[in-house]
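If you want the building blocks of each chain, they are given just below.
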Amino acid sequence: VVAGCGGGQAIAERLPDILQRSAHLILDADGLNALAADEGLKTLLRLRGAGKPTVLTPHPLEAARLLGISTAQVQSDRLKSAQRIADLFSCVVVLKGSGSIVAAPDHLPVINTTGNGRLATGGTGDVLAGLVGARMAQGMNAWDATCAAVHQHGLIADQWPADKGLTAQHLALQIQ
């Protein structure tokens, strides 16, 4: 299940069921904001454990909300922030941004070297969340699926023609 992409505040009422019932889960955007605002949802996420693989895909502001700190604090130590979220919720985390970081409790964090500012376009993070979900649906474990998706997502942006704008739709259509 990929949840939170464009869900608005309506996702909050569905999130308890999603957290408890989804065998594999990717949470993005509005799902992360709902999670950050509700201790009960945080507890449900922690209870998922290793048996129900989960990936969180926050940008720095969403990461700050999850950690209860400022965005500046997240940005001042991105590796530590990503790892703190991963450890706190026992999941894989993509801290999006320049040099997106993939972290998990049982792995050393990875700094992705692909990608550029074009990925700051609205909806491109939703494409990333969907790509992680697609890789997991193909049978990849959460760590490998996330690392592969983050790399591919960034590579598409790096290879995009300089004279053309990159939209989420264009990005999604390039994924194979």
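Residues numbered from 1 in each chain as written. Predicted model: local features only at pLDDT ≥ 70, side-chain atom pairs only at ≥ 80, totals over all residues. Heavy atoms only, no water.

**Description of the layout of surface pockets**
Note the following rule: Residues are said to line a cavity or pocket when one of their atoms sits within 4 Å of a point; the points come from a 1 Å grid over protein atoms alone, cavities being sets where a 1.4 Å probe fits but cannot get out and pockets being open sets with protein on both sides within 12 Å along at least five of seven lines. Grid points are joined across faces, edges and corners, and a volume is the space filled by probe spheres set on the points. Where helices and strands are cited, they refer to DSSP runs of H or I of at least four residues and of E of at least two residues respectively, numbered from the N terminus.
Approximately 420 Å³ is the volume attributed to the largest pocket. What lines the largest pocket is a set of 26 residues, among which Lys 96, Gly 97, Leu 119, Ala 120 and Thr 124 lie closest to the centre. For the lining of the largest pocket, the secondary-structure elements that each account for two or more residues are α4 (60-67), α7 (124-137) and α8 (142-159). The element that contributes the greatest number of residues to the lining of the largest pocket is α7, accounting for four residues. Of the pockets and cavities examined, the second largest pocket occupies roughly 260 Å³. Lining the second largest pocket are 15 residues, and of these Ala 50, Ser 90, Cys 91, Val 92 and Asp 106 lie nearest its centre.

**As for the pairing of strand β5 (residues 101-104)**
Which entries qualify depends on this criterion: Working definition: with a 1.4 Å probe on protein chains only, accessible area under 20% of the residue-type maximum means buried, over 50% means exposed, and in between means partly exposed. Paired strands are those between which DSSP finds at least two bridges.
Here β5 shows no split at all, with Ile 101 and Ala 103 on one side and Val 102 and Ala 104 on the other all buried. The pairing of strand β4 (residues 92-95) with β5 spans three bridges and is classified as antiparallel. Within β5, the position partnered with Val 93 by the bridge is Ala 103. Hairpin geometry of β4 and β5 is characterised by an intervening segment of five residues between the two adjacent antiparallel strands and by a positive phi of about 140° at Gly 97. Two strands pair when backbone bridges link them, and β5 and strand β6 (residues 107-111) are joined in this way by three bridges, in the antiparallel orientation. Across the sheet, Val 102 pairs through a bridge with Val 110, a residue of β6. Counting the residues between successive antiparallel strands, the hairpin from β5 to β6 contains two residues.

**Observations regarding α8**
For the α-helix, the turn length of 3.6 residues means that residues three or four positions removed from each other point alike. Quick reminder of the rule: In this scheme, a helix's expected span is set at 1.5 Å multiplied by one less than its residue total. Here, two residues are considered to be in contact whenever any of their heavy atoms come within 4.5 Å of each other. Distance and chemistry together define a polar contact, namely a pair of N or O atoms within 3.5 Å, with one atom able to donate a hydrogen and the other to accept it when in protein, and with adjacent residues in sequence counting only for side-chain atoms on both sides.
Helix length check: α8, at 18 residues, gives a terminal C-alpha distance of 26 Å against a target of 26 Å (1.5 Å per residue), a fit within 8%. Turning to α8, its buried residues are Ala 142, Trp 143, Ala 145, Thr 146, Ala 149, Val 150, Gln 152, His 153, Gly 154, Ile 156 and Ala 157. Here the buried face of α8 lies against β3 (54-56), β4, β5, β6, α7 and α9 (168-173). In this structure Asn 141 caps α8, since a side-chain oxygen of it lies 3.1 Å from the backbone nitrogen of Trp 143.

**Section: helix α1 (residues 11-21)**
Here is the rule we go by: In this context, the arc is that of the directions from the helix axis out to the C-beta atoms.
The set of residues buried in α1 consists of Ile 11, Leu 15, Ile 18 and Leu 19. Along α1, the residues classed as buried sweep out an arc of 95° about the axis, all on the same side. In α1, the exposed positions that point more than 90 degrees away from the buried face belong to Glu 13 and Arg 21.

**Notes on the sheet that holds β3**
This is how it is decided: Angles shown run from 0 to 180 degrees and are taken between the N-to-C directions of axes, each axis being a line fitted to C-alpha atoms and, for helices, limited to the stretch in contact.
Overall, mixed pairing links the six strands, which are arranged β1-β2-β3-β4-β5-β6 in an open sheet. Two strands close off the open sheet at either side, each with one partner strand: β1 (2-3) and β6. Against the sheet, helix α6 (residues 78-89) contacts β3, β4, β5 and β6, and its axis sits at roughly 35° relative to β5. The strands that α8 touches are β3, β4, β5 and β6; relative to β5, the one it contacts most, it runs at about 175°.

**Details of the packing of helix α2 (residues 29-36) against α4**
The condition that has to hold: Here the angle decides the label: under 35 degrees means roughly parallel, over 145 means roughly antiparallel, 65 to 115 means roughly perpendicular, and every other value means oblique. What makes a crossing left-handed is the near helix being turned counterclockwise from the far one by less than a right angle; a clockwise turn instead makes it right-handed. The residue classification treats Ala, Val, Leu, Ile, Met, Phe, Trp, Tyr, Cys and Pro as nonpolar and Asp, Glu, Lys and Arg as charged. All others, Gly included, are polar.
The N-to-C vectors of α2 and α4 enclose an angle of 20°; their axes lie 8 Å apart at closest approach. The orientation of α2 with respect to α4, classified from their angle, is roughly parallel. The two elements α2 and α4 cross, and the hand of that crossing is left-handed. Taken together, the residues of α4 that come into contact with α2 (itself represented by Ala 29, Leu 32, Asn 33, Leu 35 and Ala 36) are Glu 62, Arg 65 and Leu 66. Its residues assigned to classes, the contact of α2 with α4 shows five nonpolar, one polar and two charged.

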